There are 2 protein chains.
Amino acid sequence: MIQIIKNPAVDTWKLLLQRPAIDTTRLFSVVEPILDAVREKGDEALIAYEQQFDHVLLETLQVTTEEIKEAITKIPHQLKEAITQAKRNIQKFHEAQEAEMPYMEVIPQVRCWQKRVPIQKVGLYIPGGTAPLFSTVLMLAIPAQIAGCEEIVLCTPPNKEGKVPDAVLFAAQLCGVTKIFKIGGAQAVAAMAYGTESVPKVYKIFGPGNQYVTAAKQLVSLKEVAIDMPAGPSEVAILADAAARPKYIAADLLSQAEHGVDSQSILFTVDEGLIDTVLSELETQLDLLPRKDLAKKALENSKIIFIPKIEDAISMVNEYAPEHLIIMTKNYTVVGERIVNAGSVFLGDYSPESAGDYASGTNHTLPTNGFAKAYSGITLDSFTKKISFQELSRDGLMMLSNAIEIMAEHEQLMAHKNAVEVRLERVYREEEDDLSWRH
Amino acid sequence: MIQIIKNPAVDTWKLLLQRPAIDTTRLFSVVEPILDAVREKGDEALIAYEQQFDHVLLETLQVTTEEIKEAITKIPHQLKEAITQAKRNIQKFHEAQEAEMPYMEVIPQVRCWQKRVPIQKVGLYIPGGTAPLFSTVLMLAIPAQIAGCEEIVLCTPPNKEGKVPDAVLFAAQLCGVTKIFKIGGAQAVAAMAYGTESVPKVYKIFGPGNQYVTAAKQLVSLKEVAIDMPAGPSEVAILADAAARPKYIAADLLSQAEHGVDSQSILFTVDEGLIDTVLSELETQLDLLPRKDLAKKALENSKIIFIPKIEDAISMVNEYAPEHLIIMTKNYTVVGERIVNAGSVFLGDYSPESAGDYASGTNHTLPTNGFAKAYSGITLDSFTKKISFQELSRDGLMMLSNAIEIMAEHEQLMAHKNAVEVRLERVYREEEDDLSWRH
């Protein structure tokens, strides 16, 4: 069951907050031959791996228009409505991220600006497994569509009948995915990184996956394509005081725990009394869960940490840098302002992680494993690049010429200096002056 | 000398635009032991490697306040002014990137927003070599300072006397670098990734470097820290028509070529007549360069491609995705709007790459090797993260509850559903109704 730690000394924090070590680089030697085979043999290799790993012999890799149409008719009306409502909210929040790009005259006649451009071709990986992760389709395809990516490729493993879940197809079609392929695992990453006869090569690959998918993404990111972020097991931290409701805390700890045995939930509480009430709620609610065995195992990686001062609790949360952070304290707004390392923050009694996981509008693809110290979750930015532009007039260049030339000279880059002088027709004058610009 | 290609068929473009292959992953086995030694032995390993690679026995790794003061008094006044002017422009352009963050009620009572937070600890690597790259100090430290990073660590290799160039120290101090260390190469990357007795561990490492530095950055990015982008040899593309001045083109090709033998310059011209005039200008200007042997070698990697239609030339540039693109055509504004893959674009006769390299305000740390298809150059964003926040009221959660619960149920995540139900006090009602929410 969950571990209880009371009032830990500061010098024990680091160890205490350590995640279970997941070293995907040790899988490189397993994944590398798969990548090589797909690069060399294309579709033929993909079909062979689908037979080997997903136990299905596919005739064609791409999902057909007919299959998509069929899925849309088969999907329950209620679920269709739910997905559509979620899409509306996610789209609204991500559209607001279309920030103004700077344009300015830095000094007179020196105009500089940025242009936001969609990444032309992107690839989305949607894991298979016990449940269809159509919500992740929304979270990746909606910002890709808003960004204006021309090619949005989706790969997901088929089941033994060669089928992809209806809800995945519905969500993909709803959000403008251009091509869907029945390919899973490392071979899907390889297909999108290198391109094959069927699968277009993309410039950036997004999406969660198991350790093999993660290892494959890391490997291709070293040479071929960009990736969204390093992936790891999902996690939640809850920061609570005496004002928090143990019932809600237990529900949120469990909703993280049900993701998988390697999920981690941590409750930071400044109120010692919460420990027992949360423990007892955990037992009650756990018993009702269909995935209770799995959740129970995940709770073994989880912790309740009692830490008396709120200041210290905030520091400890920032040190942990959780993927999800739920703040259930009396003054949660003030506490929220002090958070500097987290993927997504949920404030107050009525903001469970499930809200952001599905339908409030924020993205659920977030940095795990402490990477929230350096990475953001997926935003519209993830699907765009910013190109800087500049246009100088002759006068503008003249104004800057002194700074450029002196700096170039001190960096011993004389051709850089010359590129200015030649434009200001100085070089010939100076050549007459015995080439004084040369060392 | 430079290669001339006329009117290439579309199916030859890919091969034609291929960069000289640089596979830094083959250096992993060389770099890995260095990383391991620094992780295990800390400063002791750093001092040993500095002796081995930079031929200097250091007593302390950190640059002292006295050394910085001395550098500031020694640096020529003119250079100080030039650096300060460049800083002002770079700062102005990067400050304008502080975009408004979205805040909204996605639906009534469901408030979502983003908060921009600085990455708390960042590390900047400044290469050594023949010339002090103080301009790169400006390009990395200025946005770090604007972002508000608390710890800005800089590592740069010392010379044999154990000194770091005055201009590097001046620029670092001017832009708020908090600690400077005399450490170069892969060992510097290791020091910042893991932390040692002297060097603080950082969360993201920035900056160019040789292949060993790049390999080390790639390796640590697999587990420990974020990095800015994959680095490769610098490159420029020039897109020109009959309106362009051969003298300026030659100067710009050469200013790229002098960076190193592996630099690449490509001229795309829709005017065949430019070829000969540019060639003759190249010879004249090359002869005047102190680094002419090096530039000559680099030109061997370089190409002049004549391609009659401007449409095709634009497509070819977008396929190449150059780090720097200079557009010298009559209607350069219209052509510039069609560019979707490039790091930084320079428009017209008076916008040489040198302007952006030093002083116009845009950043010169840009994606090379075709990575402009997926990556932006350094912007203020590179030093910040975006944390999403949400706050729902009970009514807000109620409004979303249907969508969340249906989606959670179809993803077989019952605890996610329960986290909503427990808050709306539905679970107990439903328990009486024979737990209908369970499968």
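These numbers were taken from a predicted model, which means no experiment stands behind them.

Definitions and cut-offs
Residues numbered from 1 in each chain as written. Chains lettered and ligands numbered in written order. Predicted model: local features only at pLDDT ≥ 70, side-chain atom pairs only at ≥ 80, totals over all residues. Heavy atoms only, no water. Helix = DSSP H or I, 4+ residues; strand = E, 2+ residues; numbered from the N terminus. Polar contact = N/O pair within 3.5 Å; in protein donor to acceptor, adjacent residues only side chain to side chain. Contact = heavy atoms within 4.5 Å. Domains from an automatic or database assignment. Buried < 20%, exposed > 50% of the residue type's maximum accessible area, 1.4 Å probe, protein only. Right-handed = clockwise from strand over helix to strand, strands pointing away. Pairing = 2+ DSSP bridges. Buried area = accessible area lost by both parts, 1.4 Å probe. Salt bridge = Lys/Arg side-chain N within 4 Å of Asp/Glu carboxyl O. pLDDT = per-residue confidence, 0-100.

Describe the side chain of Glu353 of chain A, naming the residues involved and giving the relevant values.
Mapped onto the secondary structure, Glu353 of chain A falls in helix H15 (residues 353–358). Side chain to side chain, Glu353 of chain A and Gln256 of chain A meet in a polar contact 2.9 Å long. Residues in contact with Glu353 of chain A, not counting those within four places in the same chain, are Val236, Gln256, His324, Ile326 and Phe346 of chain A together with His416 of chain B.

Tell me about the domain arrangement of chain A, and name the residues and values.
The assigned domain composition of chain A is domain 1 (3–21 + 232–361), domain 2 (24–229) and domain 3 (394–438). One C-alpha centre belongs to domain 1 of chain A, the other to domain 3 of chain A, and the line joining them spans 61 Å.

Please provide a residue-by-residue account of the pairing of strand S10 (residues 264–269) of chain B, values included.
All names here are of chain B. Among the 6 residues of S10, 6 are classified as buried, and the element is accordingly described as predominantly covered. The two faces of S10 match: Gln264, Ile266 and Phe268 on one face and Ser265, Leu267 and Thr269 on the other face are all buried. Regarding topology, helix H10 (residues 246–257) serves as the crossover connection from strand S9 (residues 235–240) to the parallel S10, and that connection is right-handed. Across 4 bridges, S10 lies against strand S11 (residues 303–306) in parallel orientation. Looking at S11, one finds that Ile266 is bridged to Lys303.

Would you mind going over the interface of chain A and chain B in detail, with residue names and values included?
Counting residues at the interface gives 132 residues for chain A, matched by 133 residues for chain B. Interface area, chain A with chain B, both sides summed: about 11700 Å², of which 59% is carbon and sulfur. Linking chain A with chain B are 8 salt bridges. Among the ionic pairs, Lys386 of chain B bridges to Asp381 of chain A, the shortest N-O distance being 2.3 Å. Where chain A touches chain B, the interface holds 70 residue pairs in polar contact (both at pLDDT 80 or more). Top contributing element to the side of chain A that touches chain B by residue count: helix H16 (residues 394–410) of chain A, with 10 residues. Here 4 bridges tie strand S13 (residues 344–347) of chain A to strand S14 (residues 384–392) of chain B, and the two strands are oriented parallel to one another. Across the sheet, the residue bridging to Val345 of chain A is Phe389 of chain B, located in S14 of chain B.

Break down the confidence of the model for chain A for me, with residues and values.
All names here are of chain A. Mean pLDDT over chain A: 92, with 97% of residues reaching 70 or higher. Within the model, the stretch residues 427–439 combines pLDDT values under 50 with 22 contacts to residues more than four positions away or in other chains. Here the prediction assigns the complex a pTM of 0.93, and the interface score ipTM is 0.93.

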